[in-house]
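# Commentary on secondary and tertiary structure
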Amino acid sequence: MNYIAKTVSIDKEPADCVIVGMFKSGQLSHSAKKLDTLYQGILTRASRRGIIDTGLGQVTTLHDSSRSRHPCIIVAGCGEQDRFTIPSFQRALSAALSEAKKHKVNSVINGLIEMQVNHADMQTRVQASVVISENSLYSYSHTKSKASDGKGSVKKMKFLTRRSAELSKIREGKKFGEAIAGGMKLARDLGNLPGNICTPTYLASQARNLKKAHPKLQVTVLGEAQMRKLGMGALLSVSDGSVQPAKLVSLEYKGGKPGQRPVVLVGKGITFDTGGISLKPGSAMDEMKFDMCGAGSVIGTIKACCMLDIPLNVVGVIACAENMPGGKATRPGDVVSTMSGQTVEILNTDAEGRLVLCDALTYVKKFKPEIVIDIATLTGACVVALGHVPAGLMCNDEPLVNGLLEAGERTGDRAWRLPLWEDYQPQLDSNFADMANIGSRWAGTITAACFLSRFTEKYRWAHLDIAGIAWHSSGKKKGATGRPVPLLTQFLLQQASGTGH
């Protein structure tokens, strides 16, 4: 989509469609008042007659003459003003854009950016607008015989302001939004590819492709022989049953000062997860191609860093393997040695994500990290606990927790903290190894994080369980979401600006 910023009054700027917002109070923004005057009170009349639904996410289309400057006016319901946050803003705009598509408009004026959003300035509102708009245009076609023709999609969005001083904020919001959306698109494309294409080797090739476009990036790929020399027995145990070789891929973005300790992102990259010998039920197993969405979000975030030229050193590490049953596959009851020297009794081969991550989390000590964040579609228990709205966040570093939660609120890509108390650690006790790879049926999300915590004692660390947010599982929206690229990118921007924790 083409985004245009102008200092012009809405009554002077033509467009196929104008999107304005209205709170339940009925209060109109400046642009909405201008439209109302231009079209002889069309908004106030509709409001008084109860035609406009101001409930959050509701839309009302008011048509004027096709010969007018604005043939279509869409009023987005914004609910209660004191509860209007960035997630609310995104919901209102998404609903309005869906309505605009039905009318096959080519250009829209986004008047929603004038609405007061709690804790969100103009730059943040424009950034959110661009991300939502780009996501609304997303169409997967890599494995289809014909690509989408794009008919019915909005091609141009205009941001208008009365104050020239706001133009720079709008342009900054556009730049950040396009970078985040670009990272999300890459993450979505990788997640949506089938497992017979998106293998560990394919993910490594995509990292190398990213390097070609961005000179500040250095990519290193470790094969199984190199990992074996490093003692990564846990990671390699996951790929034992597959003909696809495991890969450990590092993407080093060097945007900060030489010697600056990096923020390291570690992504789970299980390109297909059958569960191994602990085989999953057949129903919905096709969705297990999404088990590499943690790795996809890391690659997408690194791309956003490159697009924004963030002044920070960032390392992305993705631990890639395919979990398959077979004659050489790991069995329940097997004991493996990790790169840290600790041993693990594998009680369930379907708890494989933590096995690839634990060796990756040990490996990243070589980068002398300032912060390490791992991102993984780790547990179904997280979906039971939190549904499909936030990611699960587990971390015992309070400033780091606050920074991640703040980034989530600013982008609408939210996380919710779960406890990571020592009380849960005994569930991982084993009679035959230093630890088991699963606990009891209770608090599975937390015990998975407890397992990972045993490999992260040398640095500040947070764990994001994205099992509930990485993909939509049904209907027309089925597919990867690209989350939590917005949260991660915003967190890195905060770190770079010195406003992080």
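The rules we used
Residues numbered from 1 in each chain as written. Predicted model: local features only at pLDDT ≥ 70, side-chain atom pairs only at ≥ 80, totals over all residues. Heavy atoms only, no water. Salt bridge = Lys/Arg side-chain N within 4 Å of Asp/Glu carboxyl O. Helix = DSSP H or I, 4+ residues; strand = E, 2+ residues; numbered from the N terminus. Axes fitted to C-alpha atoms, helices over the stretch in contact; angles between N-to-C directions. Parallel < 35°, antiparallel > 145°, perpendicular 65-115°, else oblique. Left-handed = near helix turned anticlockwise from the far one by under 90°. Contact = heavy atoms within 4.5 Å. Nonpolar A, V, L, I, M, F, W, Y, C, P; charged D, E, K, R; others polar. Buried < 20%, exposed > 50% of the residue type's maximum accessible area, 1.4 Å probe, protein only. Right-handed = clockwise from strand over helix to strand, strands pointing away. Pairing = 2+ DSSP bridges. Core = buried A, V, L, I, M, F, W, Y, C linked by side-chain atoms within 4.5 Å.

### A look at the pattern of salt bridges
If you walk through the whole model with that rule in mind, you get 20 salt bridges. A salt bridge links D273 to K280; the shortest N-O distance between them is 3.6 Å. Here D350 and K280 are joined by a salt bridge, their closest N and O atoms 3.0 Å apart. Of the two residues, D350 sits in the loop between β12 (343-345) and α10 (353-363) while K280 sits in the loop between β9 (263-273) and α9 (293-308), which places them 70 residues apart along the sequence. Several salt bridges share partner residues, and in doing so they unite R261, E370, D397 and R460 into one network.

### Brief notes about the packing of helix α3 (residues 86-102) against helix α4 (residues 122-137)
Any two packed helices are characterised by the angle at which their axes cross and by the distance between the axes. Where α3 contacts α4, the axes come no closer than 10 Å and their chain directions differ by 45°. Put simply, α3 runs oblique to α4. Remark: the crossing between α3 and α4 carries right-handed chirality. In this structure, α3 uses I86, F89, Q90, L93, S94, L97 and K101 to contact α4, whose residues at the interface are T124, R125, A128, S129, I132, S133 and S136. Class assignment of the residues belonging to the contact of α3 with α4 gives a composition of six nonpolar, six polar and two charged.

### So, the pairing of strand β10 (residues 313-323)
Counted residue by residue, β10 has 11 buried out of 11 residues, so it is predominantly covered. Judged by which residues are buried, β10 turns out to be covered on both faces: N313, V315, V317, A319, A321 and N323 on one side and V314, G316, I318, C320 and E322 on the other are all buried. This β-α-β element, β9 to α9 to β10, shows right-handed connectivity.

### Overview of the sheet that holds strand β6 (residues 156-160)
Ordered in space as β1-β6-β5-β2-β4-β3, the six strands form an open sheet in which the pairing is mixed. If you trace the sheet from one side to the other, it starts and ends with β1 (2-6) and β3 (59-63), each paired once. Direction aside, neighbouring strands of the sheet carry axes that sit 25° apart on average. Running over the sheet, α3 touches β2 (17-22), β3, β4 (72-77), β5 (107-110) and β6 and is turned about 150° from β4.

### Let's talk about the nonpolar core
L203, L265, I373, L464, F491 and L492 are the most contacted members of the largest nonpolar core, which has 61 residues in total. Counting residues per element, this core draws most heavily on α9, at eight residues. Apart from residues lying up to four places away in sequence, I373 is in contact with V264, L265, V266, L404, A462, L464, L488 and F491.

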